[in-house]
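Analysis of the macromolecular model
Given next are the chains, with one letter for each unit.
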Amino acid sequence: MDSNPSSAETAQGSIYVSSAVTNAAKILVVGHFAVGKTTLIGSLSEITPLRTEEKMTQASVHVDDLRGVTGKTTTTVALDFGRLTLSEDLVLYLFGTPGQQRFMQLWEDMARGALGALLLVDPARLEETFPVIDLVEGYGLEYAIAVNTFDQSAAYSEAEVREALDLLPDTPVVYCDARDQRSSAEALIALVRHLLERAA
Ligand SMILES: Nc1nc2c(ncn2[C@@H]2O[C@H](COP(=O)(O)OP(=O)(O)OP(=O)(O)O)[C@@H](O)[C@H]2O)c(=O)[nH]1
Ligand SMILES: [Mg+2]
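Residues numbered from 1 in each chain as written. Chains lettered and ligands numbered in written order. Predicted model: local features only at pLDDT ≥ 70, side-chain atom pairs only at ≥ 80, totals over all residues. Heavy atoms only, no water.

- Taking an unreviewed UniProt entry as the reference, the protein is identified by name as Signal recognition particle receptor subunit beta, a GTPase belonging to Streptomyces prasinopilosus.
- Its UniProt record, at the heading Sequence similarities (unreviewed entry), says of the protein: "Belongs to the GPN-loop GTPase family." (UniProt positions renumbered as here; feature names shortened; annotations may be inferred.)

1. Examining the packing of aromatic side chains
- Applying the stated criterion to the full structure yields 3 aromatic pairs.
- Ring geometry for phenylalanine 81 against tyrosine 93: centres 6.0 Å apart, planes inclined by 5°, an arrangement best described as stacked. Placement of the pair is phenylalanine 81 in strand 4 (residues 80-87) and tyrosine 93 in strand 5 (residues 90-97), with a sequence separation of 12 residues.
- Taking relative accessible area as the criterion, tyrosine 93 reaches 25% and is therefore assigned partly exposed.
- Ring geometry for tryptophan 107 against tyrosine 139: centres 6.2 Å apart, planes inclined by 25°, an arrangement best described as stacked. In this pair, tryptophan 107 is assigned in helix 2 (residues 104-111) and tyrosine 139 in the loop between helix 3 (130-138) and strand 7 (142-148), connecting sequence segments 32 residues apart.
- Here tryptophan 107 falls in the buried class, since its relative accessible area comes to 0%.
- Grouped by ring-pair contacts, the aromatic residues Phe81, Tyr93 and Phe95 constitute a single cluster.
- Over the ring of phenylalanine 95 we find lysine 26, and its NZ or CZ is 5.0 Å from the ring centre. (Phe/Tyr/Trp six-rings, centres within 6.5 Å; stacked < 30°, edge-to-face > 60°. Helix = DSSP H or I, 4+ residues; strand = E, 2+ residues; numbered from the N terminus. Buried < 20%, exposed > 50% of the residue type's maximum accessible area, 1.4 Å probe, protein only. Lys NZ or Arg CZ within 6 Å of the ring centre and 35° of its normal.)

2. Details of the environment of serine 183
- Within the element layout of this structure, serine 183 appears in helix 5 (residues 181-199).
- With a relative accessible area of 15%, serine 183 lands in the buried category.
- For the pair serine 183 and leucine 40, spaced 143 residues apart in the sequence, the C-alpha separation amounts to 9.4 Å.

3. Let's talk about the pattern of salt bridges
- All told, the structure shown has 8 salt bridges when counted by the stated rule.
- In this structure, arginine 162 and glutamate 158 form a salt bridge, with 2.9 Å as the shortest nitrogen-oxygen distance. Pair noted here: arginine 162 and glutamate 158 are both in helix 4 (residues 158-165), with a separation of 4 residues, about one helical turn.
- Taking relative accessible area as the criterion, glutamate 158 reaches 35% and is therefore assigned partly exposed.
- Residues joined in a network through salt bridges with shared partners are Glu142, Asp170 and Arg198. (Salt bridge = Lys/Arg side-chain N within 4 Å of Asp/Glu carboxyl O.)

4. Looking at the site of ligand 1
- Within the structure, ligand 1 sits among 16 residues, and Lys37, Thr38, Thr39, Thr75 and Asn148 are positioned closest to it.
- Backbone polar atom of alanine 34 to an oxygen atom of ligand 1: 3.0 Å apart, as the coordinates give it.
- Within the contact set of ligand 1, an oxygen atom lies 2.8 Å away from a side-chain nitrogen or oxygen of threonine 38.
- Burial of ligand 1 by the protein chains amounts to 84% of its free accessible area of 650 Å². (Near = heavy atom within 4 Å. Polar contact = N/O pair within 3.5 Å; in protein donor to acceptor, adjacent residues only side chain to side chain. Areas by Shrake-Rupley, 256 points an atom, 1.4 Å probe, with all protein chains shown as cover.)

Below is the structure:
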């Protein structure tokens with residue numbers, strides 16, 4: 001047994017789940033290419049997140065659409081994984097799931113047992129969100145929309161996002177900056193509230 005407590009702690013908390021935690025939920029973090037999935041899980045996770053980042057090569061130039069994306073040199077090739085203890089008795093396991101078509105077979109496993117999905121949206125690339133919504137709905141997952149506002153000038157109102165994405169009135173829409181822990185946590189909490197309301 002490890003007698004040195006500091007070696008079992010990370011900057012954001014313990015690597016072990018508290019013994020008070022009685023409930024665990026699997027949550028997917030989904031969205032199209034380069035929308036901020038890895039960033040959001042990285043800013044939320046209390047453990048060092050598991051990442052499967054690989055350098056993007058010339059081969060992906062015509063596959064992954066880099067229009068409007070600057071400074072991105074890697075992409076997730078399988079999944080992201082992180083953990084967040086949301087309350088004294090609830091821990092969330094976060095699974096970042098690539099939105100590109102070539103990763104579709106992963107969804108079968110990723111969606112299994114998931115309680116819901118936080119669906120990240122870049123308002124400048126709204127059309128890329130439609131296939132992701134189709135997938136989430138196809139797997140029967142409840143979801144909340146987190147608009148990751150990269151460029152303030154391209155910001156759309158909540159009503160515009162709802163209309164463009166043809167959302168149901170009770171689907172939550174929140175705005176977030178995936179780089180910011182607090183903002184990302186608020187987006188996740190909006191999803192969890194929605195899931196609890198649905199379960200009630
Ligand atoms: N300005 C801004 N940049 C962001 C935000 N979230 C992510 N980024 C940046 O956007 C780029 C893409 O973010 P990633 O987290 O790699 O996106 P991803 O969805 O995991 O990408 P793939 O796994 O390749 O599909 C990175 O350079 C991030 O730093 C945000 O909220 N605001
Ligand atoms: Mg990623």
